[in-house]
Structure formats: structure tokens, C-alpha cells
Amino acid sequence: MFVPALWVALIMFIGNFSDCGMSDPMIRRPLVMSMLVGLALGDLKTGIMMGASLEIIFLGISGIGGAMPSDSMTGAIFGTAFAILNHQGVAVALSLAVPISLLAVFVNQLVIFIRGLLLTFFEKYAETDRSKAIEHLQYLSIIGGPLVYALIGFLGIYLGSSSISTLVHAIPEVVMNGLTVLGQMLPALGIALLLNMIYEKGNMIYLLLGFLLACYLKLPIIAVALIGIILAVILSSIDKSILDVKNMKTVEQPKDLPSNEDSIEEDFFND
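Residues numbered from 1 in each chain as written. Predicted model: local features only at pLDDT ≥ 70, side-chain atom pairs only at ≥ 80, totals over all residues. Heavy atoms only, no water.

Engineer: Which parts of the structure should I look at to understand the packing of helix H3 (residues 44-58) against helix H4 (residues 72-85)?
Structural biologist: In helix packing, the relevant descriptors are the interaxial angle and the interaxial distance, both defined with respect to the helix axes. Relative to each other, H3 and H4 sit at 145°, their axes nearing to 10 Å. The way H3 lies across H4 gives a crossing that is right-handed. Across the interface between the two elements, Thr 46, Gly 47, Met 50, Leu 54 and Phe 58 of H3 pack against Ser 72, Ala 76, Gly 79, Thr 80, Ala 83 and Ile 84 of H4. Its residues assigned to classes, the contact of H3 with H4 comprises six nonpolar, five polar and no charged. (Axes fitted to C-alpha atoms, helices over the stretch in contact; angles between N-to-C directions. Helix = DSSP H or I, 4+ residues; strand = E, 2+ residues; numbered from the N terminus. Left-handed = near helix turned anticlockwise from the far one by under 90°. Contact = heavy atoms within 4.5 Å. Nonpolar A, V, L, I, M, F, W, Y, C, P; charged D, E, K, R; others polar.)

Engineer: What exactly am I supposed to notice about helix H2 (residues 30-40) here?
Structural biologist: Every α-helix carries 3.6 residues per turn, so stepping three or four residues along brings you back to the same face. For H2, the complete set of buried residues consists of Pro 30, Met 33, Ser 34, Val 37 and Gly 38. Projected onto a plane normal to the axis of H2, the buried residues spread over an arc of 135° and lie on a single side. Of the surrounding elements, those touching the buried residues of H2 are helix H1 (2-20), H3 and H4. One or two steps after H2, the chain reaches Gly 42, where phi turns positive at roughly 85°. (Buried < 20%, exposed > 50% of the residue type's maximum accessible area, 1.4 Å probe, protein only. Arc of directions from axis to C-beta.)

Engineer: How should the side chain of Ser 72 be read in this particular structure?
Structural biologist: Relative to the helices and strands, Ser 72 is located in helix H4. Apart from residues no more than four positions distant in its own chain, Ser 72 is found in contact with Arg 29, Pro 30, Phe 58 and Ser 101.

Engineer: Which parts of the structure should I look at to understand unusual backbone geometry?
Structural biologist: Note: most residues except glycine have negative phi, and most peptide bonds are trans. If you check the backbone angles, Met 26 has positive phi at about 70° while not being a glycine. With respect to the secondary-structure elements, Met 26 resides in the loop between H1 and H2. Phi is positive for Lys 218, close to 60°, though the residue is something other than glycine.

Engineer: Help me understand the pattern of salt bridges in this model?
Structural biologist: A side chain of one charge can pair with a side chain of the opposite charge if their charged atoms are brought near each other. A complete count under the given rule lists four salt bridges for this structure. Two residues, Arg 29 and Glu 55, come together in a salt bridge whose shortest N-O distance is 2.8 Å. With Arg 29 in the loop between H1 and H2 and Glu 55 in helix H3, the pair connects residues that are 26 residues apart, well separated along the chain. Residue classification places Glu 55 among the buried positions, given a relative accessible area of 14%. (Salt bridge = Lys/Arg side-chain N within 4 Å of Asp/Glu carboxyl O.)

Engineer: Explanation requested: the packing of aromatic side chains in the structure shown.
Structural biologist: Think of a pair of aromatic rings as described by two things: how far the centres are apart, and how the planes are tilted against each other in angle. Counted by the stated rule, this structure contains six aromatic pairs. Between Phe 13 and Phe 17, the aromatic rings sit 5.8 Å apart at their centres with planes inclined by 5°, giving stacked as the arrangement. Here Phe 13 and its partner Phe 17 are both found in helix H1, four residues apart, which amounts to about one turn of the helix. A relative accessible area of 22% means that Phe 13 is categorised as partly exposed. The partly exposed category is assigned to Phe 17, whose relative accessible area is 22%. The interplanar angle of 10° and the centroid separation of 5.5 Å between the aromatic rings of Phe 154 and Tyr 158 together place this pair among those described as stacked. (Phe/Tyr/Trp six-rings, centres within 6.5 Å; stacked < 30°, edge-to-face > 60°.)

The following block contains the structure:
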């Protein structure tokens, strides 16, 4: 487990460093992280499947201010790694990834707390005009968080994979079936959370259209997505045309004639 643990630690480092050291290019999303884990551990197919499923689950969950409801990156990496190393199905791995992502929030809060303790040193160096010390401390702050995540990723796989495997095999078949059903329901829950955020009466007709295309016409998801893109382009073109016509009418309208009061005032001053 040493080499897989090193790979997971490296991916954890890259994912967390992309947030604080690379201006967050969005590579820490489950879709990317799970794919990298699958590529590193030799099962790219499971990695992509896990990433797509977890992306749907966490798509409707967003942090507000400094509050993080769940650490989707850590949950995706550990869930995918456990699924591949323990040869478990995607549904079971999903049921493990979600609670891991909730527990990983405490790690995030710990890193933020430690960074907050560095503010005293920043103020001290600023008062004595030690710019080099401030620069070095800033680099330490940027690298420190990813190193903590990398250490947790290494220890979690190196020490915990066998324990997780033993735990999974000890779970009764009835409970395992329940976890499988739960894992299949989680993507639907993620879509429901997303729809709750963007719900409008006018959008529901397109949801119904997608449902009819997928269930009754048996179109694949890619075909439904392409139809949605075509509809979006057509509707945006129609809205733009309507807006252009309104602007033309506004420009062509004659200016308002002066009122009687304005005419009386002009006659008065002319006299």
C-alpha cells in the first residue's frame, strides 16, 4: 500500500494547493480528482465513474462565506481510492465518500485555525519591516495546508485501506444492499439540491422535455445535452432579436414635444 498511498498523497497535495496557490483553477472538483486517482491506481474507468457520480452529488452544495458544508475533494479522493483498492462497486464507494467528505471539514477548519495563528508573526515582522520573513511565512502558509492534506491522504490509505476493507467485508449483506441503494439515490439528491437553487416555473418545461427524451424516446444523455445546448442557443438568439427590436423602436420614437408650461416660459423670456 506504500506506492498507492504516495499517489493519493500527491493528488491530495495538488488538489489543495490548486485552491490556495494556483487561484483555484477548479481542478479540485470530484470529476478531476477521482479521475486522477483512477489513473494513478490503474483503474481509470472506475475513477471517471466515481468522479461523475460524486460531481452530481456535490453540484448543488456550495459554501457560503467561510463555511464549508462538505469537503468534496477529500471525499472523492478517498472514496475512489477505497473503491479501487478494495474492489468494491461504485455505489458502495459513494456511500463511503459522502461521510468522509463531512468528516474532512474538520481538517479544513484545523488548517484555517493554524493559518490564523500566523497572523501574530505577520504583524510582528511588518512592524520591524522584515519583508523577507513575511515572504517566507507566506510561502509556508501556502504550502503548509496542502502538506497537511497530503499527510492525511498518505496515512489514510497506508493505514486505513486494510481496515476499511475488513470493515466492508464484515458488513452484513442486508446492510450492504441498503448502502448500494443509498449510493444510487445520492446522485438524484444532488440534482434535487441543484434544482432547488435554480427553480423557476419557466424552467420546469425543459426538465419535463429532458425527462420525456430520456425515458420515452430512449435517447442517451449526450444526445439530451446536445438538444439542450441547441435550445439554449435558439432561445438566446430570439431574446437578442427581441431586445434589438425594442432598442430600435426606442431610438426611432420622436422626442417629446415641449409642454405648455415650457412654451409659456420660453415666450416670457423671449419677450
